[in-house]
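# Coordinates in review
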Amino acid sequence: MTLGLVGRKVGMTRVFTDDGDSLPVTVLDVSDNRVTQIKSAATDGYNAVQVTFGKRRASRVNKAAAGHFAKAAAEAGRVLREFRVSENELGNFKLGGKVGVDIFKVGQIVDVSGVSQGKGFAGVIKRHHFSSNRASHGNSISHNKPGSTGIAQDPGRVFPGKRMAGHLGAVKRTAQGLVVVRVDAERQLLLVKGSVPGSRGRDIIVRPTSKTVRVPGPSGKKAPAQAAAAPKPAAAPAKAAPAKAAAPAAKGA
């Protein structure tokens, strides 16, 4: 299923495996996802399911949104997101119904999107990982400077996209290839291995990964060597030649 869920980042903790190893995980609250619209190829040109998360006061909902939620018989939410699904999956959803965390399984690979933490105005060293200049031998108040940014005469300007100081963070980012460590169906929590973008309490989107998942197995480079080392099948035994008839005994013997 290609459907995802909308939720919020609770924070980070750790869980212990059966072998005693400690895994850093991020706790995601994806509770109370409600279906607000079902789009089909016949009416909208494509198949998709729209879900909402969170709650919003009636005084904060405009008339257009209030009518949209009322048509779906769903409580007004804070976030609306849409997920493409196949035509065969549309029958699994109904307007106003809830989508639980059980659509994800332990060990599944997911992508988590969110808005990264804003860090304000930052220099090139923190923003673009430049190296600082030498701190001796004539360096005068230019230790953490970006260096030359333009060209002297022709064309005599700074090219667009030049890495310089500026605002750092507060942009949409997606962490790909995260493994689902635990699914808490009772509290509607999802624990994924590693960190996800955003501060605690910020909205996130969890969906099945869009990357090709490589199944662990023997390397392809070793296949020829293994084939060469494989024992050859035993040759079939040669058919025995028919025995020649004994020569007749000589007369007078």
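Residues numbered from 1 in each chain as written. Predicted model: local features only at pLDDT ≥ 70, side-chain atom pairs only at ≥ 80, totals over all residues. Heavy atoms only, no water.

### Overview of unusual backbone geometry
Going from Asp154 to Pro155, the amide bond is cis rather than trans, its omega being 5°. By secondary structure assignment, the location of Pro155 is in the loop between helix 2 (124-128) and strand 9 (166-168). Phi is positive for His129, close to 60°, though the residue is something other than glycine. With respect to the helices and strands, the residue His129 is situated in the loop between helix 2 and strand 9. (Helix = DSSP H or I, 4+ residues; strand = E, 2+ residues; numbered from the N terminus.)

### Some words on the sheet that holds strand 6 (residues 98-99)
Within the open sheet, the 4 strands sit side by side as 5-4-3-6. Their pairing is antiparallel. Whereas interior strands pair on both sides, the edge strands pair on one side only; in this sheet they are strand 5 (79-84) and strand 6. Sheet topology places strand 4 (residues 48-53) next to strand 5; 6 bridges connect them, and they run antiparallel. When the sheet's bridge partners are listed, Gln50 is paired in strand 5 with Glu82. Sheet contacts for helix 1 (residues 63-71): strand 3 (33-39), strand 4 and strand 5; angle to strand 3, the most-contacted strand, approximately 90°. (Pairing = 2+ DSSP bridges. Contact = heavy atoms within 4.5 Å. Axes fitted to C-alpha atoms, helices over the stretch in contact; angles between N-to-C directions.)

### So, the side chain of Thr52
Tracing the backbone shows Thr52 in strand 4. Judged by relative accessible area, which is 0%, Thr52 ranks as buried. In this structure the side chain of Thr52 is engaged in a polar contact, spanning 2.8 Å, whose partner is the backbone oxygen of Val79. Those residues in contact with Thr52 that lie beyond four places of it in its chain are Asp32, Asn33, Arg34, Thr36, Phe69, Glu75, Gly77, Arg78, Val79 and Leu80. (Buried < 20%, exposed > 50% of the residue type's maximum accessible area, 1.4 Å probe, protein only. Polar contact = N/O pair within 3.5 Å; in protein donor to acceptor, adjacent residues only side chain to side chain.)

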